[in-house]
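Tertiary structure, described
This is what each chain is made of:
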Amino acid sequence: MKVFKFGGTSVGTPERIKSVSKLVSCGEPKLVVLSAMSGTTNSLVEISDYFYKKNDAAASDKIGELEKKYFKVIDELYTTKEYKDKALDFVKKIFSHLRSFAGKEFTQVQEKDILAQGEIISTHLFTYLNHELNIDTVLLPALDFMKVDDYGEPVMSAIEVDLNKMLAVYQGKKLFVTQGFICRNPKGLIDNLKRGGSDYSATLIGAAINSEEVQIWTDIDGVHNNDPRVVNKTFPIAQMSFDEAAELAYFGAKILHPATVLPAKEKNIPVLLKNTMDPKAAGTTISNEVTGTGIKAIAAKDNIAVINIKSSRMLMAYGFLRRVFEVFEKYRTPIDMITTSEVALSITIDNHKFLKEIIGELMEFGTVSLSENQTIVCIVGNMNVEHKGYAVEILKALENISVSMISYGGSPYNITLVVDTENKNKALNLLNDNLFKF
Ligand code: ADP
Ligand code: ASP
Ligand code: MG
């Protein structure tokens, strides 16, 4: 069975939902993972923000607005009164659930419940459509099998057991639908895999059922060589290795949730990125094959904090780095990049939750300074050191931009550097003009 994931824009209008239905309705068995219709999760975030601020009137207005949008979708999506009524009943229940949060205590628990409703609606509307069209389809609630631990990390063993148990009930069925993004935590409460998490759901599901392939359908013809939102002249990349794609996704290529590649790499399941607007386009294949040499793509990750620690205690000492890293471990804050000199150390993080505490503890080791609003620029490819000149080309392209950190040699797949966020667009464009031949 193959896993097909469709993102927000791919199910963003009644027309798009109908074409997804057509695309998956014949051929080999499929498990379809859907996101919420585009814009919905953002609206649910806004509604939650109003509830947090105890502004029930504004939350109610926003809920009404979103509800109206879905009434229109339902009107256009179905042809029979039976299915219009079925879908209306369902959606009305969801919106009355949203309204029920008014006037009550509002915490992350309630917020996560609200955020889950977008995927719950899209998968139900899609399943009703297939049923109206006599396409045999089974809806598998993700909340019954997608589990995370206390740290929000997927529990693969539980996902595998529960999902396969559910599928075994439906021997002979060929089309299944489930929600991306949403899951349950050890308390049994609704949780999620963080924004953009439907991609991750797809590869977790692919790994759990030992799928032969995971296809991620989105609004662009595969992974491009640079961020198309920032750079004009970008082009799709036909093939990438798991490692190259993992680096790109982790360092900011929005097309893939940062963790998407990991479950697929673990089980060696190829991931195809395809364009719903242009299904014939080749897209990108991510697999364990490393093809070609040289620079393939560039991504950027904003909202980076750079922490610099200067200490003469580092000089000729051992154990210093361990003690510094223990601080980050204590606060469960991953480090993205490090550079060292004999008496100083620079570290980048993107999780600012415990920044104050971390800095407080690091001050015991030396003089600590902090730069915020920094961006990591990641250049990915197959840059084996035997092929000379990649670092030179990159730094030459950026000769007029201040680069505050450089990391090279950790793997042959990436060179990363840090620039001030205000120079990010310029850096991406300069790298694009100088590193790729058009
Ligand atoms: P979906 O809703 O299908 O998950 P996303 O909006 O999350 O889609 O991701 C697709 C978008 O990612 C594209 O429209 C594009 O603007 C953006 N993007 C950023 N970097 C890249 C890249 N390197 N290649 C392709 N798309 C990228
Ligand atoms: N709907 C969720 C979001 O907007 C998950 C996803 O689209 O992947 O973040
Ligand atoms: Mg996405």
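To start, this report covers the structure provided alongside it. (Residues numbered from 1 in each chain as written. Chains lettered and ligands numbered in written order. Predicted model: local features only at pLDDT ≥ 70, side-chain atom pairs only at ≥ 80, totals over all residues. Heavy atoms only, no water.)

**Details of the site of ligand 2**
Formally: When we say a residue is near a molecule or strand, we mean one of its heavy atoms is within 4 Å of it. We call two N or O atoms a polar contact when they sit within 3.5 Å, provided that within protein one can donate a hydrogen and the other can accept it, with sequence-adjacent residues counted only if both atoms are side-chain atoms. Using a 1.4 Å probe, accessible areas were evaluated by the Shrake-Rupley method; residue-level cover was limited to the displayed protein chains. Put simply, Ala, Val, Leu, Ile, Met, Phe, Trp, Tyr, Cys and Pro go in the nonpolar bin, Asp, Glu, Lys and Arg in the charged bin, and everything else, Gly too, in the polar bin.
Residues in contact with ligand 2, as listed here, are S35, T41, E119, F181, R195, G196, G197 and S198. A distance of 2.7 Å is found between an oxygen atom of ligand 2 and a side-chain nitrogen or oxygen belonging to R195. Protein chains shield 86% of the accessible area of ligand 2, which is 260 Å² for the free molecule. Broken down by class, the residue content of the shell around ligand 2 amounts to one nonpolar, five polar and two charged.

**Focus on the packing of helix α10 (residues 320-330) against helix α11 (residues 355-362)**
How we decide: Axis lines are fitted through C-alpha atoms, for helices just across the contact stretch, and the angle between N-to-C directions can take any value from 0 to 180 degrees. Numbering of helices and strands runs from the N terminus; a helix is a DSSP stretch of H or I covering at least four residues, while a strand is a stretch of E covering at least two. Orientation categories follow fixed angle ranges, with anything under 35 degrees roughly parallel, anything over 145 roughly antiparallel, 65 to 115 roughly perpendicular, and all other angles oblique. Note on convention: near helix rotated counterclockwise from far helix by under a right angle means a left-handed crossing. Clockwise means right-handed. We call two residues in contact when some of their heavy atoms are within 4.5 Å.
Between α10 and α11, whose axes approach to 10 Å, the crossing angle comes to 155°. Of the possible angle classes, the one that applies to α10 and α11 is roughly antiparallel. Crossing of α10 over α11 shows right-handed handedness. Contact with α10, carried on its side by V324, V327, F328 and K330, involves I358, E361 and L362 of α11 and no other residues of that element. In terms of residue class, the contact of α10 with α11 is built from five nonpolar, no polar and two charged.

**Points about the packing of helix α1 (residues 14-24) against helix α3 (residues 56-77)**
Orientation of α1 relative to α3, taken along the N-to-C sense of each, is 50°, at an axis distance of 9 Å. Comparing the axis directions of α1 and α3 gives the class oblique. Read as a crossing pair, α1 and α3 show a hand that is right-handed. Contacts between α1 and α3 involve P14, E15, I17 and K18 from the first element and V73, E76 and L77 from the second. Of the residues that constitute the contact of α1 with α3, the class distribution is four nonpolar, no polar and three charged.

**Examining the pairing of strand β11 (residues 294-310)**
How we decide: For the exposure calls, accessible area comes from a 1.4 Å probe over protein chains only, and a residue counts as buried if that area is under 20% of its type's maximum, exposed if over 50%, partly exposed in between. Think of it this way: DSSP has to see at least two bridges between two strands before they count as a pair.
Counting buried residues along β11, 14 of its 17 residues qualify, which places the element largely inside the surrounding structure. Where β11 and strand β14 (residues 367-382) come together, 13 bridges link them in antiparallel fashion. By the bridge assignment, I304 is partnered in β14 with Q374. Of the pairings in the sheet, the one linking β11 to strand β13 (residues 344-349) comprises six bridges and is antiparallel in character. Residue pairing across strands places I309 opposite L345, the latter belonging to β13.

**Notes on the sheet that holds strand β15 (residues 405-408)**
Pairing between the strands of a sheet is mediated by backbone hydrogen bonds and can be parallel or antiparallel. Across the sheet, which stays open at both edges, the six strands sit in the order β12-β13-β11-β14-β16-β15 with antiparallel pairing between neighbours. The strands lining the two open edges of the sheet, one partner per strand, are β12 (337-340) and β15. Geometrically, the sheet is characterised by an average inter-axis angle of 25° between neighbouring strands, direction not taken into account. Against the sheet, helix α8 (residues 242-250) contacts β11, β14 and β16 (414-420), and its axis sits at roughly 145° relative to β14. In this fold helix α13 (residues 424-435) packs onto β11, β14 and β16, with an angle of close to 145° to the strand it touches most, β11.

**Digging into the site of ligand 1**
Near ligand 1 there are 16 residues, and of these K5, T218, D219, H224 and K254 occur at the shortest range. Between ligand 1 and K5, the relevant distance is 3.1 Å, taken from an oxygen atom to a side-chain nitrogen or oxygen of the residue. Separating an oxygen atom of ligand 1 from a side-chain N or O atom of K254 is a distance of 2.7 Å. Expressed as a share of its isolated accessible area of 570 Å², the protein-covered part of ligand 1 is 87%. A per-class count over the shell around ligand 1 returns five nonpolar, six polar and five charged.

**Side note on helix α4 (residues 81-99)**
An α-helical turn contains 3.6 residues, so a residue and the one three or four places further along point in the same direction. Short version of the rule: Helix span, as expected, comes to 1.5 Å for every residue beyond the first.
The terminal C-alpha atoms of α4, which comprises 19 residues, lie 26 Å apart, in line with the 27 Å expected from a rise of 1.5 Å per residue. Looking at the buried positions of α4, the neighbouring elements they touch are α2 (40-52), α3 and α5 (108-132).

**Brief notes about the packing of aromatic side chains**
The condition that has to hold: Paired rings are identified among Phe, Tyr and Trp, the last through its six-membered ring, by centres lying within 6.5 Å, and are further divided according to the angle between planes into stacked (under 30 degrees), edge-to-face (over 60) and tilted (the rest). Two thresholds decide whether a charge sits over a ring: the Lys NZ or Arg CZ must be within 6 Å of the ring centre and within 35 degrees of the ring normal.
Under the counting rule described, the total for this entry stands at 14 aromatic pairs. Arranged with centres 6.1 Å apart and planes meeting at 65°, the rings of Y170 and F176 form a pair that is edge-to-face. Owing to a relative accessible area of 3%, F176 belongs among the buried residues under this scheme. A network of ring pairs unites the aromatic residues F51, Y52, F101 and F106 as a single cluster. Over the ring of Y70 we find K69; its NZ or CZ atom is 5.6 Å from the centre of that ring. Across from the ring centre of Y250, 3.7 Å away, lies the NZ or CZ of K301, which sits over that ring.

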